[in-house]
Amino acid sequence: MSTHTDSHQPLDPAKWYDLFSRGARDWLRHDEKVRDSVRRHLPQIVAGGDLITGGARTVRVPMKMLEHYHFRLRKAEESQGAGQGKVKPGDVFADPSQTGGSGEKGPGGREEGEVQLLLELKIDDIVDWLWEEMQLPNLKARVGPSEETEWVREGWDRRGARSRLDRRRSFKELVKRRGAPGAIPTFTDEDLRFRQLARRRQPAVRAAVFFLLDVSGSMSDRDRKLAKTFFFWTVQGLRREYRSLETLFVAHTTEAWEFSEPEFFQVSGSGGTVASTGFAKVNEIIHERYNPATCNVYLFYASDGDNSMSDSAEAREGLAAIAADACFTGYVEVSSGLSRQLDTETGRLFAELGAAGGATGSYALNDFEDVWSAVRHFFSAESRAAEGA
Amino acid sequence: MSEAVWQDYVERIEALAARSGLSFHPVEFEAVPDSFMMEIAVYGLPVRMPHWSFGVRYIYQLIQRHMGHSRLFEVVFPGNPGHAYLASGNGLAENVLVTAHVLGHADFSRNNMLFQRCQAQVSEHIVEHAANHARQIQQAIETHGLQRVEAVLDAALALEQHIDIDQSLRRSRYPEFAEPAKALADDKFRKRFAALEPRAGAAGPEAKKRAPVPPHPERDLLWFVAQYAPEMESWERDIFLAVREESFYFYPVFATQIMNEGWASYWHARLLREADFIPQQAYVDAIKCHSDVVRPVAADSQVALGLNPYHLGFSMWEKIVEAQGLEAALAIRAQDDDFAFVRNHLTRELADELELFRYSARDGQIRVLEPDLAALHEVILAPKYNFGAPTVMAQHVRADGTLELVHDHSLDGRGLDLERSRKVLDYLQRLWRRPVLLTTVNQAGLVLELSAP
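Presented here is a report on the structure given in the accompanying data block. Here the structure is a predicted model, which means the values were calculated and not measured.

## Things to note about the interface of chain A and chain B
Right, on to step 1. At the interface, 53 residues of chain A touch 73 residues of chain B.
Right, on to step 2. A per-class count over the side of chain A that touches chain B returns 18 nonpolar, 19 polar and 16 charged.
Right, on to step 3. Where strand E2 (residues 78-85) of chain A meets strand E5 (residues 356-362) of chain B, seven bridges bridge the pair, whose relative direction is antiparallel. Residue pairing for E5(B): A:Ser79 is matched across the bridge by B:Ala361.

## Considerations on the packing of helix H7 (residues 146-158) of chain B against helix H19 (residues 418-432) of chain B
Residue and element names in this part refer to chain B.
Right, on to step 1. At a closest axis distance of 8 Å, the pairing of H7 and H19 adopts a crossing angle of 125 degrees. Taken as axis vectors, H7 and H19 run oblique relative to one another. Judged by the twist between their axes, the crossing of H7 over H19 is left-handed. Residues Ala151, Val152, Asp154, Ala155 and Ala158 of H7 form the contact with H19, whose participating residues are Val424, Tyr427, Leu428, Arg430 and Leu431.

## As for the nonpolar core
Right, on to step 1. Residues B:Val96, B:Leu103, B:Ala156, B:Leu222, B:Val225 and B:Ile239 are the most contacted members of the largest nonpolar core, which totals 123 residues.
Right, on to step 2. Tallying contributions element by element places helix H4 (residues 92-111) of chain B first for this core, with 10 residues.
Right, on to step 3. Per-domain counts for this core show at least three residues from each of domain 1 (126-158 + 212-253 + 390-452) and domain 2 (295-385) of chain B.
Right, on to step 4. Those residues in contact with B:Ile239 that lie beyond four places of it in its chain are B:Ile137, B:Ala140, B:Val152, B:Leu153 and B:Ala156.
Right, on to step 5. Ranked by size, the runner-up nonpolar core spans 58 residues in total, among them A:Leu213, A:Val250, A:Val297 and A:Phe378.

## Here's the deal with the environment of B:Ser168
Right, on to step 1. Positionally, B:Ser168 belongs in the loop between H7 and helix H8 (188-196).
Right, on to step 2. Between the alpha carbons of B:Ser168 and B:Gln121 there is a distance of 7.0 Å; along the sequence they are 47 residues apart.

## What to know about helix H6 (residues 126-144) of chain B
Residue and element names in this part refer to chain B.
Right, on to step 1. Its 19 residues place the ends of H6 26 Å apart at the C-alpha level, agreeing with the 27 Å of an ideal helix rising 1.5 Å per residue.
Right, on to step 2. If you check which residues of H6 are buried, you get Ile126, Ala130, His133, Ile137 and Ala140. Angular distribution of buried residues about the axis of H6 spans 70 degrees; they occupy a single face of the element. H6 presents Arg135, Gln139, Glu142 and Thr143 as exposed residues on the side facing more than 90 degrees away from its buried surface.
Right, on to step 3. Where H6 is buried, its residues meet strand E2 (74-77), helix H5 (113-122), H7 and helix H11 (234-255).

## Description of the environment of B:Trp267
All names here are of chain B.
Right, on to step 1. Relative to the helices and strands, Trp267 resides in helix H12 (residues 257-274).
Right, on to step 2. Exposure remark for Trp267: the 25 C-beta atoms within 10 Å place this residue in the buried category.
Right, on to step 3. Linking Trp267 and Glu318, residues 51 residues apart in sequence, is a C-alpha distance of 9.8 Å.
Right, on to step 4. The residues touching Trp267, leaving out its near neighbours within four places in the chain, are Leu22, Ala100, Leu103 and Gly104.

## Regarding the sheet that holds strand E6 (residues 365-368) of chain B
Right, on to step 1. If you walk across this open sheet you meet the five strands as E3(A)-E6(B)-E5(B)-E2(A)-E4(B), and the pairing is antiparallel. The open sheet is flanked by strand E3 (92-94) of chain A together with strand E4 (303-304) of chain B, the only strands paired with a single partner.
Right, on to step 2. Of the strands in this sheet, E2 of chain A together with E5 of chain B touch helix H17 (residues 373-381) of chain B, which is tilted by about 105 degrees from E2(A).

## So, the pairing of strand E7 (residues 206-214) of chain A
Residues and elements named next belong to chain A.
Right, on to step 1. Counting buried positions along E7 gives eight out of nine residues, so the element sits mostly inside the fold.
Right, on to step 2. As paired elements, E7 and strand E8 (residues 244-252) share nine bridges and run parallel to each other. Looking across to E8, one finds that Leu212 is bridged to Val250.
Right, on to step 3. Taken together, the eight bridges between E7 and strand E10 (residues 295-303) define a ladder with parallel strand orientation. Considered in E10, the bridge of Leu213 is made with Ala302.

## Focus: H12(B)
Right, on to step 1. Between the first and last C-alpha of H12(B) there are 25 Å, a value that for 18 residues agrees with the 26 Å anticipated at 1.5 Å per step.
Right, on to step 2. Within H12(B), 14 of the 18 residues are buried, which leaves the element mostly enclosed by the surrounding structure.

## As for the sheet that holds strand E10 (residues 447-452) of chain B
Residues and elements named next belong to chain B.
Right, on to step 1. The sheet built from four strands is open, its strands ordered E7-E8-E9-E10 with mixed pairing. Two strands bound the open sheet, and with one partner strand each, they are strand E7 (392-397) and E10. If you compare each strand with its neighbour and ignore which way they point, the axes differ by 25 degrees on average.
Right, on to step 2. Where strand E9 (residues 436-441) and E10 come together, six bridges link them in antiparallel fashion.

## Things to note about the pairing of strand E12 (residues 360-365) of chain A
Side-chain positions along a regular strand alternate between the two faces of the sheet.
Residues and elements named next belong to chain A.
Right, on to step 1. Of all six residues that make up E12, six are buried, and the element is covered over most of its length.
Right, on to step 2. Burial of the side chains of E12 extends over both faces: Thr360, Ser362 and Ala364 are buried on one face and Gly361, Tyr363 and Leu365 on the other.
Right, on to step 3. In this structure, strand E11 (residues 328-334) lies alongside E12, joined through six bridges in parallel fashion. For Gly330, the partnering residue across the bridge sits in E12 and is Gly361.

Conventions and cut-offs
- Residues numbered from 1 in each chain as written.
- Chains lettered and ligands numbered in written order.
- Predicted model: local features only at pLDDT ≥ 70, side-chain atom pairs only at ≥ 80, totals over all residues.
- Contact = placed C-beta atoms within 7 Å.
- Nonpolar A, V, L, I, M, F, W, Y, C, P; charged D, E, K, R; others polar.
- Pairing = 2+ DSSP bridges.
- Helix = DSSP H or I, 4+ residues; strand = E, 2+ residues; numbered from the N terminus.
- Axes fitted to C-alpha atoms, helices over the stretch in contact; angles between N-to-C directions.
- Parallel < 35°, antiparallel > 145°, perpendicular 65-115°, else oblique.
- Left-handed = near helix turned anticlockwise from the far one by under 90°.
- Core = buried A, V, L, I, M, F, W, Y, C linked by C-beta atoms within 7 Å.
- Buried ≥ 20, exposed ≤ 12 C-beta atoms within 10 Å, placed from the backbone.
- Domains from an automatic or database assignment.
- Expected span 1.5 Å × (residues − 1).
- Arc of directions from axis to C-beta.

Function cannot be read off these values alone, since they describe shape.
Structural data, given as structure tokens:
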């Protein structure tokens with residue numbers, strides 16, 4: 001049957017919709033696959049830039065279009081082709097497919113340009129997505145003996161401030177009373193009802209998260225970046241639970257200092273490792289600014305594990321003091337070169353704490369791919385600890 | 001333009017084409033929106049199986065269209081009847097041209113032997129078959145889930161060029177047992193030999209020998225995997241065979257592109273010239289459109305590093321008809337494919353006239369090479385060998401089910417792209433469900449074995 005647009009052809013909308021949607025359908029499927037692959041590589045993707053508490057709540061991810069692979073020959077160093085135009089044997093010109101620019105007199109191109117997608121992802125979405133995907137446990141905020149209180153409504157009284165007069169309730173009383181024979185038809189003081197407030201204790205939902213980083217000479221840039229990536233995702237996970245979350249950054253070598261976030265990740269120290277200085281600093285901040293009874297304290301410590309031998313006793317003491325106040329302490333060993341699997345001075349310190357019944361966990365983080373397993377490990381350990389508590 | 005006017009033109013052009021010596025099955029014309037034209041270009045068939053890789057092509061096609069690089073006037077599917085889709089945005093002149101062009105294609109696909117042979121395998125209803133495959137795959141997605149079906153399509157479509165066109169579409173499995181050794185000729189020497197050594201001649205009841213799988217290196221990977229994968233499920237095999245059937249359909253389109261497009265262009269030009277019933281203005285417009293279609297790539301930039309197959313084919317057919325007559329041209333369109341066509345009919349004179357040249361590209365430099373006709377033929381044809389894919393063959397299946405593939409690097413001139421090959425092995429391994437190995441050579445020409453997992 002021959003047709004033309006000018007003619008009236010009854011179109012079956014369902015049929016046409018199906019036909020039109022095919023390209024778009026496969027396009028969407030492609031984009032879905034791109035997102036899947038972004039998801040798989042998130043830890044690496046967010047390893048750059050200061051993302052932890054910064055204002056930017058989105059990450060931008062440049063992506064290539066996916067390629068469906070076929071067997072192809074290796075690119076030849078020298079390839080031959082056929083062309084058309086006025087040339088003489090021996091003529092030489094620049095290959096437009098390599099220079100990229102299209103010169104005015106240059107020959108027409110040989111290959112298509114490459115298309116890049118720029119995905120913008122909301123960090124909150126990523127986190128929700130990951131938590132569901134990886135079935136990470138949600139933390140339970142610990143409700144300690146808390147002094148924090150709040151006024152809540154509770155019942156009515158015949159006396160009270162005018163601002164708390166409950167008109168509806170008062171009117172009901174009037175109606176009830178008028179039902180009786182010989183009653184006064186207007187409002188009396190007897191009818192008025194006032195809302196009452198009572199003090200109620202609120203669970204502590206504040207949290208202070210300490211990130212303690214070993215910046216001694218033995219920590220490489222890569223180690224620090226690993227630690228940073230881990231810290232980032234940890235803090236995102238904790239944010240899901242706590243309305244107000246404060247992050248504190250402490251770095252130590254043989255001394256310890258508190259830093260702001262941007263400074264924190266640029267710090268590079270030198271010299272030895274004395275973990276107890278870091279623990280002492282954390283203890284100091286806890287006691288100065290927070291009441292462990294009303295505030296959930298978390299400590300995450302990243303180090304390569306090479307604590308000075310002479311510091312053992314002091315570090316143990318410092319850590320025990322923190323553990324007494326904190327909901328959870330975590331130790332992540334970043335030793336990209338060696339995988340000693342926590343068989344280090346600091347590793348043993350945390351292992352002892354765990355053996356003594358402290359809420360703690362340790363993980364050896366060697367590669368960016370492990371960041372997620374590390375986060376999962378800590379959150380599982382923490383939720384177990386919370387259940388036990 | 002009203003429906004009736006164009007309908008009238010179609011009939012008169014058809015009659016004119018038949019009088020001029022073309023023979024074709026009836027063609028059903030349908031006007032469709034541009035977006036649908038674009039999808040046909042992406043999928044190669046009006047309704048085809050879903051796969052994300054088509055989505056990638058679709059995006060590229062969208063970009064191309066937005067940049068105004070490409071415009072599609074028609075797509076035609078051979079068959080009886082043939083289906084031709086015309087862009088509904090075409091004007092009268094364009095549609096007149098396109099109608100003539102489509103009839104050229106219809107004649108070509110009916111009479112060319114390669115088309116005939118493949119069509120005999122695939123049937124004349126590939127459009128319907130492909131739609132049916134799409135439906136089957138949709139059902140498979142509902143039954144087995146998108147992930148599993150996609151894994152099958154990832155592998156099958158990655159191997160879509162790896163078929164053996166010389167074998168039957170409905171090819172049966174290898175004979176299970178090796179053929180018994182041929183009986184020795186009973187000549188004088190044999191008799192004397194048997195007399196000398198009685199035991200050697202005594203033919204006992206010979207045990208049947210199981211034939212190795214495959215008995216020879218196998219190029220038809222889609223078929224081989226579908227038949228011999230140790231643990232493939234039947235619906236997975238069906239998908240492999242569906243992809244293979246579509247490849248059988250695509251092969252002649254691919255292997256006769258220069259001839260076929262040239263032939264259709266030649267005929268639309270000729271039929272337009274002879275169609276005295278077309279108004280003058282429409283004729284002029286149509287000829288303008290024709291010269292856009294068969295324009296050499298080099299028209300804008302003086303020198304192009306590629307050829308327009310329409311232009312090359314069109315010029316060759318004009319020369320052939322001029323020099324050898326229509327009868328000879330009709331015989332050539334029946335017998336040749338692009339390999340024979342280019343080698344036999346792209347002459348020195350024509351190559352010079354069209355200013356074709358060979359070049360070598362190295363380190364960002366293009367160097368124009370000395371004219372050499374045979375070498376020029378080969379450069380034009382090189383991307384067309386083996387359906388445009390490297391020669392990868394199944395060589396052996398080990399006792400534990402491990403599949404050994406081998407790449408014939410001596411034939412292709414160099415080794416495989418290792419990264420891509422690994423990915424293809426990964427796709428394949430998920431279906432073969434045993435290790436898959438591939439032998440090729442690296443940059444230094446040393447033998448290299450890739451494996452998945």
